[in-house]
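Take a look at the letters that make up each chain.
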Amino acid sequence: MFISDQPIADDGEDLLGVAAFAHTIGEAIVRYEAVSGLVFGLFGKWGSGKTSILNLTLRHIERLMSTVPQKLIVIRFDPWMFSGQDQLFLQFFEQLATQLSAQGDGFQEISRQMRRYGRLFAQSYVPSDPGSERQPRSVPHEAEVDISSLKQDLTLRLRSRAQKIVIVIDDVDRLSDDEIRQVLQIVKSAANFPYVVYLLAFDEEIVSAALSRTYNGRGTEYLEKVIQVGFRVPAVSEVKLYRILSSHLERLVDQFPRGRWDEGYWNSVYRSFFQLFTSVRDINRYLNTTQFYVGLLSEETNPIDFFLIMALHVFSPELYAYIRDNRRYFVDRAFDNPLIANERDRARFREVHAQALSHKTRLRKGQLREVLENLFPIVRDIAENVSVDTSRGQRTWGTQKRICSADHFDTYFRLTIPDERIADSALRALVASADDFNRLTTELQYLIRDGGRARYEQMIRQLLDYDWATASSTAAVNMLILVMHLVGAQEISSDYYDIRTLVGVLLNRIDRDS
């Protein structure tokens, strides 16, 4: 059974104990009684659970409404659904007007004026410095209306209504640099009305960096002028993550033949294994991949080796592929083996093992060495210059279905396409051709050949790791167009976050030179 990565919506689903934190935010919003508006910020990394906390916060606000004299109006605005400066402004005010109109007769005129104000603001808006008001200019339509007067009229009407409006905006950090700036300028200047409270959720580091690229390194200063009350997502308890993952792994172990689990072996590796997981999203991503494979491979693999190698497959795919492509240096063991009969041959083994240990992973080098030495005893034997009885070891490892067994190594990589990974030189050639769109499409056809969807998806994953600072902005533009075409043509069904992250990477590269 696969696990959805959807955010939770109710306290009963809270496995990390963040409900109390969400309640604190909800109570702060409900209890805020000043007439002037206020902007709350919820800061956290991608995958830290910001959306889940927002959901729990809003659910708690619903429960608290019975304790306050007047009901709060809650509006969720998703800027991801719109692109372009005019669309972002227009849709924000359109949604605000629609929600206000639904509140009854007392808001009908406010709603009508809000739509007018949104249209005029979108037409006349000129980007401003942090914290300053927008500067109106002449507009082609309704030029006789003074925007400042219209805003003043809305301000008076909303102050007279004295009904709190809570506007929630999530995923601000997933917008382009320009859109991030626009959203924050709406909050600070265009729609800073009385009794309007904002709750914005984003990765503070990403948004600050985006603003710094626009405002000469003053991104932090900008945020300080916009966000008046900040909340940081609490660090996830390692103990809670451990319990969540362990409970799932216990169910997976039941799918392996009895007697294959080795508690002593597990105790030697589990600490390093758990260091790979920093969020519930990591756990879900790992379990979805592992559950897909376990039904096919449980009869022919060792459960502990399987859990470890799947972790490398998910979180360190380059290392996983490197081990697969250098089979003989991880399976063959003992110095009486013809491949390692002299010091020069042993030096080659050490070189391959050192290259494996140099791969970038979430583990410290010592932890990675511990994992590799347990998976592949040859790594330890070569490092320590030890010789063992190869045939005896292979018989034992074969019985245990260990990955280091010559008979079972390939089973752990059975479901990968041998030529799926694109050579680094081929990927560099693809990016180098991207300055010319026609050359890019020609290079793509050669690169993909008959690989189909799997090869397209592999290309996306590898492009995520490419150093785009070395590519031109033209190459980034053409690559972005190509990726969007492949998505539209349904050539790619890659993970949603892979596609979205690559688009963000390309947009940041383009924005750097724009």
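Residues numbered from 1 in each chain as written. Predicted model: local features only at pLDDT ≥ 70, side-chain atom pairs only at ≥ 80, totals over all residues. Heavy atoms only, no water.

> I'd like to hear about the overall build of the chain, residue by residue, with values.
Looking only at helices and strands, one finds 23 helices and five strands in the chain. Within the chain, buried positions represent 50% of all 514 residues. Considering only contacts within the chain whose residues lie at least 6 apart along the sequence, 76% involve residues at least 24 apart. On the chain, roughly 24,300 Å² of surface is accessible, and the fraction owed to carbon and sulfur atoms is 49%. (Helix = DSSP H or I, 4+ residues; strand = E, 2+ residues; numbered from the N terminus. Buried < 20%, exposed > 50% of the residue type's maximum accessible area, 1.4 Å probe, protein only. Contact = heavy atoms within 4.5 Å. Areas by Shrake-Rupley, 256 points an atom, 1.4 Å probe, with all protein chains shown as cover.)

> If you had to explain the nonpolar core to someone new, which residues and values would you point to?
Core analysis: the largest hydrophobic core is formed by 85 residues, its most contacted members being F273, Y286 and F376. For this core, the element with the most residues is helix α12 (residues 303-315), which contributes 10 residues. For Y286, the residues in contact, after removing those within four places along its chain, are L245, L249, F273, F277, F307, M310, A311, V314 and F315. L100, L150, A210 and L211 belong to the second largest nonpolar core, which has 49 residues in total. (Core = buried A, V, L, I, M, F, W, Y, C linked by side-chain atoms within 4.5 Å.)

> An account of the packing of helix α11 (residues 280-297) against α12 is needed here, citing residue identities and associated values.
Running from N to C, α11 and α12 cross one another at 125 degrees; their axes reach a closest spacing of 10 Å. On the basis of the axis angle, α11 is oblique to α12. α11 and α12 meet at a crossing whose hand is right-handed. Contact residues: α11 offers D282, R285, Y286, T289, T290, Y293, V294 and L297, while α12 offers F306, F307, M310, A311, H313, V314 and F315. (Axes fitted to C-alpha atoms, helices over the stretch in contact; angles between N-to-C directions. Parallel < 35°, antiparallel > 145°, perpendicular 65-115°, else oblique. Left-handed = near helix turned anticlockwise from the far one by under 90°.)

> Quick one: what's the story with the sheet that holds strand β4 (residues 196-202), residue by residue and with numbers?
Through backbone hydrogen bonds, the strands of a sheet pair up, either in parallel or in antiparallel fashion. Here five strands make up an open sheet; going across it, the order is β2-β3-β4-β1-β5 and the pairing parallel. For this open sheet the edge positions go to β2 (73-77) and β5 (229-232), each flanked by a neighbour on one side alone. Strand after strand, the sheet turns through a mean of 15 degrees between neighbouring axes, direction not considered. Examined bridge by bridge, strand β1 (residues 38-43) and β5 share four bridges and lie parallel to one another. (Pairing = 2+ DSSP bridges.)

> Could you give me a rundown of unusual backbone geometry, with the residues and numbers involved?
Here the phi dihedral of D171 falls at roughly 60 degrees; this positive angle occurs in a residue that is not glycine. Inspection of the secondary structure assignment puts D171 in the loop between β3 (165-169) and α6 (177-190). In this model, Y195 sits at a positive phi of 65 degrees, which is unusual for a non-glycine residue. Along the chain, Y195 falls in the loop between α6 and β4.

> Can you tell me about the pairing of β4, naming the residues and giving the values?
Where burial is concerned, most of β4 is hidden: seven out of the seven residues are buried. In β4, alternate side chains face the same way, and those of V196, Y198, L200 and F202 on one face and V197, L199 and A201 on the other are all buried. In this structure, β1 lies alongside β4, joined through six bridges in parallel fashion. Along β4, the bridge assignment pairs G41 with L200.

> Before we move on, can you summarise α11 with the specific residues and values?
For α11, which comprises 18 residues, the first-to-last C-alpha distance of 25 Å matches the rise-based estimate of 26 Å (1.5 Å per residue) to within 8%. Within α11, the full set of buried residues consists of D282, I283, N284, Y286, L287, T290, Y293, V294 and L297. Lining the buried residues of α11 we find α9 (238-253), α10 (263-274) and α12. (Expected span 1.5 Å × (residues − 1).)

> For the environment of F307, give the residues involved together with the corresponding values.
Along the chain, the position of F307 falls in helix α12. As for F307 and L252, which are separated by 55 residues in sequence, their C-alpha atoms are 9.5 Å apart. Beyond its immediate stretch of four places on either side in the chain, F307 contacts L249, L252, V253, F256, W261, F273, Y286 and T290.

> Describe the confidence of the model for the chain, listing the residues and the values that go with them.
Of the residues in the chain, 85% have a pLDDT of 70 or more, and the chain-wide mean is 84. Helix α18 (residues 390-399) is the least confidently modelled element of the chain, averaging 64 in pLDDT, while β4 averages 96, the highest of any element. Segment residues 128-144: pLDDT under 50, and 36 contacts once partners within four positions in sequence are set aside and those in other chains are kept. (pLDDT = per-residue confidence, 0-100.)

> Explain the side chain of S316 to me, using residue names and the numbers behind them.
Note on placement: S316 falls in the loop between α12 and α13 (317-325). You can call S316 buried: its relative accessible area is 4%. Once residues within four sequence positions are removed from consideration, S316 is found in contact with A311, K360 and T361.

> Please give an account of the packing of aromatic side chains that cites residues and values.
Applying the stated rule across the entire model yields 34 aromatic pairs. With a centroid separation of 6.3 Å and an interplanar angle of 80 degrees, the aromatic rings of F21 and F231 are classed as edge-to-face. Remark: F231 occurs in strand β5 and F21 occurs in helix α1 (residues 19-31); sequence separation between them is 210 residues. Each member of the pair, F21 as well as F231, is classed as buried. (Phe/Tyr/Trp six-rings, centres within 6.5 Å; stacked < 30°, edge-to-face > 60°.)

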